[in-house]
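A look at the structure
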Amino acid sequence: MIELQKISGDNIDEVTALDVGEKQKELILETTNLRCFADAHMLNADGIPATPLAIYADDTMVGFLMYIYDTLDHESFESEAFYGKKAYFIWHNMIDKNHQGKGFGKLAFEKMLLDIETMPNGEAEYIALFYHKNNVIAKTLYTSFGFVDTGIIQDNSMLAVKNLKEN
Ligand SMILES: CC(C)(COP(=O)(O)OP(=O)(O)OC[C@H]1O[C@@H](n2cnc3c(N)ncnc32)[C@H](O)[C@@H]1OP(=O)(O)O)[C@@H](O)C(=O)NCCC(=O)NCCS
């Protein structure tokens, strides 16, 4: 069974020890789970902290997800229908290299979407994320949940959005 759990002093060391494969590091722009915590602490512009979640398969921690409530107001989105709209932005999504390809990523992502759809930090019209344009597995996964490529590319990564009003 897959569960998403809050991160505390009891499990933070396990989260920071999770890692992707060497060849996958460029797909996540060399970021690390530890760096994500630092970003989450620094970059909560709307005053609402990010939600970092550890992914457990039964009692084993297998991955890490993080999302944040945000406004899609980057200048490169100006001509888009979603410009200025509220969104849940999926900031990080990883399954440890030893646990990939077993269905955990898909089940965890689905649980996180259900969590987001309860609008835990406020109403939103979109869920948004970036994935590296060479990341075929990520693209397949996100497309299967209704994310649509926008054509906006930053740092070799495609912005994809899911319109929650089209559900
Ligand atoms: C992307 C990632 C989170 C997916 O998690 P996972 O547990 O490995 O994936 P799952 O086993 O749940 O498979 C999910 C879907 O991905 C696709 N997929 C999985 N492994 C695949 C492979 N080797 N080749 C092609 N597609 C694959 C399939 O569509 C699969 O769905 P399906 O089984 O219904 O067909 C994980 O591989 C990972 O952490 N990769 C490195 C970090 C990363 O790229 N994160 C995403 C950043 S945007």
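Below, the structure is looked at part by part. Numbers given to residues run from 1 along each chain, matching the order in which its sequence is written. Under the rules for a predicted model, residues below a pLDDT of 70 receive no local features and side-chain atom pairs below 80 are neither given nor counted, while totals for whole chains, interfaces and linings still include all residues.

Here's the deal with the nonpolar core
- Judged by nonpolar contacts, the single largest core of 40 residues is most densely connected at Tyr67, Phe89, Ala128 and Leu129.
- By definition, any uninterrupted DSSP run of H or I lasting at least four residues is a helix, any uninterrupted run of E lasting at least two residues is a strand, and each is numbered from the N terminus. Mapped onto this core, the elements with two or more residues apiece are strand S2 (51-57), strand S3 (60-71), strand S4 (86-95), helix H3 (104-116), strand S5 (126-132), helix H4 (136-144) and strand S7 (157-163).
- Working definition of a contact: two residues with C-beta atoms, positioned from the backbone, lying within 7 Å. Not counting chain neighbours up to four residues away, the residues in contact with Phe89 comprise Tyr67, Ile68, Asp70, Ala128 and Leu129. Working definition: the nonpolar core is a set of buried Ala, Val, Leu, Ile, Met, Phe, Trp, Tyr and Cys residues, joined through C-beta atoms within 7 Å. Each residue is classified by how many other C-beta atoms fall within 10 Å of its C-beta atom, where C-beta atoms are placed from the backbone; a count of 20 or more means buried, 12 or fewer means exposed, and values in between mean partly exposed.

Let's talk about the site of the ligand
- Near the ligand there are 21 residues, and of these Met94, Gln100, Gly105, Lys106 and Tyr131 occur at the shortest range.
- Every element with two or more residues in the shell around the ligand is listed here: S4, H3 and H4.
- The leading source of residues in the shell around the ligand is H4, at five residues.
- Classes in brief: Ala, Val, Leu, Ile, Met, Phe, Trp, Tyr, Cys and Pro nonpolar; Asp, Glu, Lys and Arg charged; the others, Gly included, polar. The residue makeup of the shell around the ligand, split by class, is 11 nonpolar, eight polar and two charged. Nearness here has a simple definition: the residue's C-beta atom, placed using the backbone, must lie within 6 Å of the molecule or strand.

Comments concerning the pairing of S5
- Buried residues dominate S5, accounting for six of its seven residues.
- When DSSP finds two or more bridges between a pair of strands, those strands are recorded as paired. In the sheet, S4 pairs with S5 via four bridges, with the strands oriented parallel. Pairing of Ile90 across the sheet is with Leu129, part of S5.
- When the strands point away from the viewer, a crossover counts as right-handed if the route from the first strand across the helix to the second turns clockwise. Handedness of the S4-H3-S5 crossover: right-handed.
- Examined bridge by bridge, S5 and S7 share seven bridges and lie antiparallel to one another. Looking at S7, one finds that His132 is bridged to Ser157.

Notes on the pairing of S3
- The buried count for S3 comes to nine of 12 residues, which makes it a mostly enclosed element.
- Alignment of S2 against S3, held across seven bridges, turns out to be antiparallel. Counted as the bridge partner of Tyr56 is Met61 from S3.
- Linkage of S2 to S3, two consecutive antiparallel strands, is achieved through a turn of two residues, within which Asp58 is found at a positive phi near 55 degrees.
- Relative to S4, S3 runs antiparallel, the two sharing nine bridges. Across the sheet, Ile68 pairs through a bridge with Phe89, a residue of S4.

Here's the deal with the sheet that holds S5
- In space, the seven strands of this open sheet follow the order S1-S2-S3-S4-S5-S7-S6, with mixed pairing throughout. Strand pairing shows two members of the sheet lacking a second neighbour, strand S1 (2-6) and strand S6 (148-154), which therefore form its edges. Averaged over all pairs of adjacent strands, the angle between their axes in this sheet comes to 30 degrees, without regard to strand direction.
- Here five bridges tie S1 to S2, and the two strands are oriented antiparallel to one another. Within the sheet, the bridge partner assigned to Ile2 lies in S2 and is Ala57. As a rule, the C-alpha atoms of each element are fitted with a line to give its axis, helices using only the stretch in contact, and angles between N-to-C directions run from 0 to 180 degrees.

Quick notes on the environment of Gln154
- Within the secondary structure, Gln154 is located in strand S6.
- Here the alpha-carbon distance between Gln154 and Ser76, two residues 78 residues apart in the chain, equals 9.3 Å.

Description of the environment of Val15
- By the secondary structure assignment, Val15 is in helix H1 (residues 12-17).
- Along the primary structure Val15 and Ile55 are separated by 40 residues, whereas in three dimensions their C-alpha atoms are 9.2 Å apart.

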